[in-house]
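# Architecture and fold: a report
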Amino acid sequence: MQTTKYYDTLTQKIGGKFKYKGDYKLINQPKYPQLDVDMSNAINADTTINELIDAYEERYGLIELDKCDIQTPSNLSEYSCDKISEEIGARFKDEFMEDFRNKNLAAEINSSRHDKILVIYGKNHLDDLRNYLTTK
């Protein structure tokens, strides 16, 4: 069964690529019509991968790709080049995949002119996100 969902409860793959053990309590994101939300004002407030990379390189310097990285298509489900160190991977996850994205989303919410905002976001982000939100 082909899916375009971020997380597929049938195949236990995230993003259609990454298999996981299935012991997480994840659910598929509902389709927008199911949420009964006016999508005419909707925005995607998440950061792009390019924004994450730019922010990382601004703080830590250019990411150097080797020949294998350059020759490997970005849409492969399996990556066979040398992996980055666990320390760098953890730093990127903590500082950019989580903290940078949380700050970005909080800034979007804080600057919004709307009284009602629907945010579809992972549960593990909520505590940190709350820390960056201001009261109007």
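Residues numbered from 1 in each chain as written. Predicted model: local features only at pLDDT ≥ 70, side-chain atom pairs only at ≥ 80, totals over all residues. Heavy atoms only, no water.

## Re the overall build of the protein chain
What counts here: Numbering of helices and strands runs from the N terminus; a helix is a DSSP stretch of H or I covering at least four residues, while a strand is a stretch of E covering at least two. Only protein chains enter the accessibility calculation, which uses a 1.4 Å probe; a residue whose area is less than 20% of its type maximum is buried, one above 50% is exposed, and one in between is partly exposed. Here, residues are in contact when the closest pair of their heavy atoms is within 4.5 Å.
Check the secondary structure of the protein chain and you find 4 helices and 3 strands. N-terminal to C-terminal, the α/β element order of the protein chain is β-β-β-α-α-α-α. Each of the 136 residues in the protein chain was classed as buried or not, and the buried ones make up 18%. Residue pairs in contact within the protein chain that sit at least 24 positions apart in sequence constitute 51% of those at least 6 positions apart.

## Some words on the state of the cysteines
Stated formally: Any pair of cysteine sulfurs within 2.5 Å is marked as a disulfide.
Applying the stated criterion across every chain yields a total of 1 disulfide. Note that Cys68 is cross-linked by a disulfide to Cys81, the S-S spacing being 2.0 Å. Given an S-S torsion of about -85°, the disulfide between Cys68 and Cys81 has left-handed geometry. Of the two residues, Cys68 is situated in helix H2 (residues 67–71) and Cys81 in the loop between H2 and helix H3 (86–110); the sequence distance between them amounts to 13 residues.

## A short note on a nonpolar patch on the surface
Basically, it comes down to this: To count toward a patch, a residue needs a relative accessible area above 30% and no salt bridge. Like charges then connect within 9 Å, nonpolar side chains (Val, Leu, Ile, Met, Phe, Trp, Tyr) within 5 Å. Values of accessible area rely on a 1.4 Å probe in the Shrake-Rupley scheme; residue burial ignores everything except the protein chains shown. Every case where a carboxyl oxygen of Asp or Glu lies within 4 Å of a side-chain nitrogen of Lys or Arg is listed as a salt bridge.
A cluster of nonpolar side chains, namely Tyr32, Val37, Met39, Leu118 and Ile120, defines an oily patch on the protein surface of about 410 Å² accessible area. Inspection of the secondary structure puts Leu118 in the loop between H3 and helix H4 (126–132).

## Concerning the packing of helix H1 (residues 49–60) against H3
Applied cut-off: Interaxial angle, 0 to 180 degrees, is taken between N-to-C directions of lines fitted to C-alpha atoms, where a helix line uses only the stretch in contact. Here the word oblique covers every angle except those under 35 degrees (roughly parallel), over 145 (roughly antiparallel) and from 65 to 115 (roughly perpendicular). If you view the pair so one helix is near and one far, a crossing is left-handed when the near helix is turned anticlockwise from the far one by less than a right angle, and right-handed when it is turned clockwise. Each residue is assigned to one of three groups, with Ala, Val, Leu, Ile, Met, Phe, Trp, Tyr, Cys and Pro labelled nonpolar, Asp, Glu, Lys and Arg labelled charged, and all others, Gly among them, labelled polar.
Two numbers describe how H1 lies on H3: the axes approach to 11 Å, and their chain directions differ by 120°. Judged on the interaxial angle alone, H3 and H1 are oblique. Seen along the crossing, H1 lies across H3 with a hand that is right-handed. Residues Glu51, Leu52, Ala55, Tyr56, Arg59 and Tyr60 of H1 form the contact with H3, whose own contacting residues are Ile88, Arg91, Phe92, Glu95, Phe96, Met97, Phe100 and Arg101. Broken down by class, the residue content of the contact of H1 with H3 amounts to 9 nonpolar, no polar and 5 charged.

## Thoughts on the pattern of salt bridges
Two side chains of opposite charge can pair, provided their charged atoms sit close to one another. Taken as a whole, this structure holds 6 salt bridges when the rule is applied. Across the pair Asp46 and Arg101 runs a salt bridge whose closest N-O atoms are separated by 2.8 Å. One end of the pair, Asp46, is in the loop between strand E3 (18–19) and H1; the other, Arg101, is in helix H3, and 55 residues separate them in sequence. Ionic pairing is found between Glu98 and Lys93, a salt bridge with its closest N-O pair at 2.6 Å. On the basis of relative accessible area, Glu98 is assigned to the partly exposed category, the value being 25%. Among the residues examined, Lys93 registers a relative accessible area of 45% and is labelled partly exposed.

## What about the environment of Val37?
Within the element layout of this structure, Val37 appears in the loop between E3 and H1. Separated by 81 residues in the primary sequence, Val37 and Leu118 place their C-alpha atoms 8.3 Å from one another. In this structure Val37 touches Tyr32 and Leu118, once residues within four positions along its chain are discounted.

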